[in-house]
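Residue-level structural notes
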Amino acid sequence: MKVRVIALYLPQFHPIPENDEWWGKGFTEWTNVKKAKPLCKGHVQPRVPADLGYYDLRDPETRERQAELAREAGIEGFCYYHYWFGNGRQLLERPFNEVLASGKPDFPFCLCWANHDWTNKSWKKGNTQKSGSMIMQMQYSEEDHINHFYNILPAFRDKRYITVDGKPLFAVWAPRNIPNGKRFVELWQNLARQNGLPGIHFVGYTANANKKLPNGKLSLYETNKASAFYQSVLDIGYDAVISSGLTRAQSIIQGRLGLAWNILTYKTRIPSSSHLDYSKVMRHYYVDEDAWENVYPTLLPQWDRTPRAGSKTEFLINSSPGKFQSTIEEALSYLKDKTSEHRILFLKAWNEWGEGNYVEPDQQFGHGWLDAIKNAINE
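From a predicted model like this one, the values you see are computed outputs, not experimental measurements.

It is worth spelling out the environment of Val5 at this point. When you line up the elements, Val5 lands in strand β1 (residues 4-9). Residue classification places Val5 among the buried positions, given a relative accessible area of 1%. Considered as a pair, Val5 and Tyr296 are 291 residues apart in the sequence and their alpha carbons are 9.9 Å apart. Among residues more than four places away in sequence, those in contact with Val5 are Ile75, Glu76, Gly77, Leu299, Leu345, Leu347 and Ile377.

Set out below in structure tokens:
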């Protein structure tokens, strides 16, 4: 069975003026990754890169080596996070723009619009160099949607761009956040056809549990509502869903009220109350609805946001390449009855080092995370 693994890719690893202003000269994702400390027994920090070192994504050789590693592991391509805030305002666009302009690496790609505000909540507040909280705020308008489309059109036309059913794949991180989302999807579909494309394969990301249902009713992390979350994205006009089961799994292990209490009291929690075992969590990560033809499950190798948030966050311990391979093998079982074009798994993520969520080589396991992917999909 051929499997399409697409890896979400963070372009945060190079300095930008906005980060310099808010966090200090030269700030990148590595700044806090290097400072991270273990908070309990079994908590591995700091995470230290191996082959690629503490790289700078302005370096084309680094980008080439990343593509080589991904290709060797059987990953189809990278899905670059794309930060467009409206009125032409972007952040972290340089690495992808250079990939697009140079034609290198010759490795498939697509885009995920990370349509969320940028605030100083992304990293520990004590590190901020500036008062206030809003770095860049999302703004939406029909005129801006048109400008946004034409900004991305050269990428859609690139021979490397990943397609599904012949259409360029475009992911949206928060599909329900876009005002009149149906109109946005219809507008882009029309613009795509007017510009010689067969349309766009829209994919929306969603968790399958939350404190509220998509219709706004209180849910308190019910664990049997995945279909409501998935269908709410499809009803907007999206062709498919990227699914995440982390919150659902946490609610099963901690209990719905326990999870709600932890979130309400996170400011006063002690670190030892914030961690869960990776294998126990992943046992509840996937749901029957992940077998829907238009649902693309995620692969989660590890999860640890403490480099960004300190002790005020949930994190997983005891992850390993072997356990990750078992997770992939389970995810594959949800793909077996889908058509080949839709046997897609989104790897979350390629290089989210600040969230302990990466598969790039590290000092602890070497190429283990990449080997887990290769072994699972080859078997």
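What follows is about the pairing of strand β10 (residues 240-244). Side-chain positions along a regular strand alternate between the two faces of the sheet. Of all five residues in β10, five are buried, a share of seventy percent or more. When strand β9 (residues 201-207) meets β10, the two strands line up parallel, connected through five bridges. Bridging from a neighbouring strand, Ala207 pairs with Ser244 of β10. Read from β9 through helix α7 (residues 226-234) to β10, the crossover connection turns out right-handed. Bridge analysis of β10 against strand β12 (residues 295-299) gives three bridges, and the strand direction is parallel. Paired with Val241 across the bridge in β12 is Val295.

Let's shift gears to unusual backbone geometry. Backbone geometry follows two general trends: most residues other than glycine have a negative phi, and most peptide bonds adopt the trans configuration. Following Gln45, the chain continues to Pro46 via a peptide bond in cis, the omega torsion being -5 degrees. Structurally, Pro46 is set in the loop between α2 (29-35) and α3 (60-73). Here the amide bond leading from Lys104 into Pro105 is cis, since omega sits at 0 degrees, within 30 degrees of zero. Its place among the elements puts Pro105 in the loop between α4 (94-102) and β4 (109-113). A positive phi angle, near 55 degrees, is found at Asp165, a position not held by glycine. Accessibility expressed as a relative area gives 44% for Asp165, which makes it partly exposed.

Definitions and limits used
Residues numbered from 1 in each chain as written. Predicted model: local features only at pLDDT ≥ 70, side-chain atom pairs only at ≥ 80, totals over all residues. Heavy atoms only, no water. Helix = DSSP H or I, 4+ residues; strand = E, 2+ residues; numbered from the N terminus. Buried < 20%, exposed > 50% of the residue type's maximum accessible area, 1.4 Å probe, protein only. Contact = heavy atoms within 4.5 Å. Pairing = 2+ DSSP bridges. Right-handed = clockwise from strand over helix to strand, strands pointing away.

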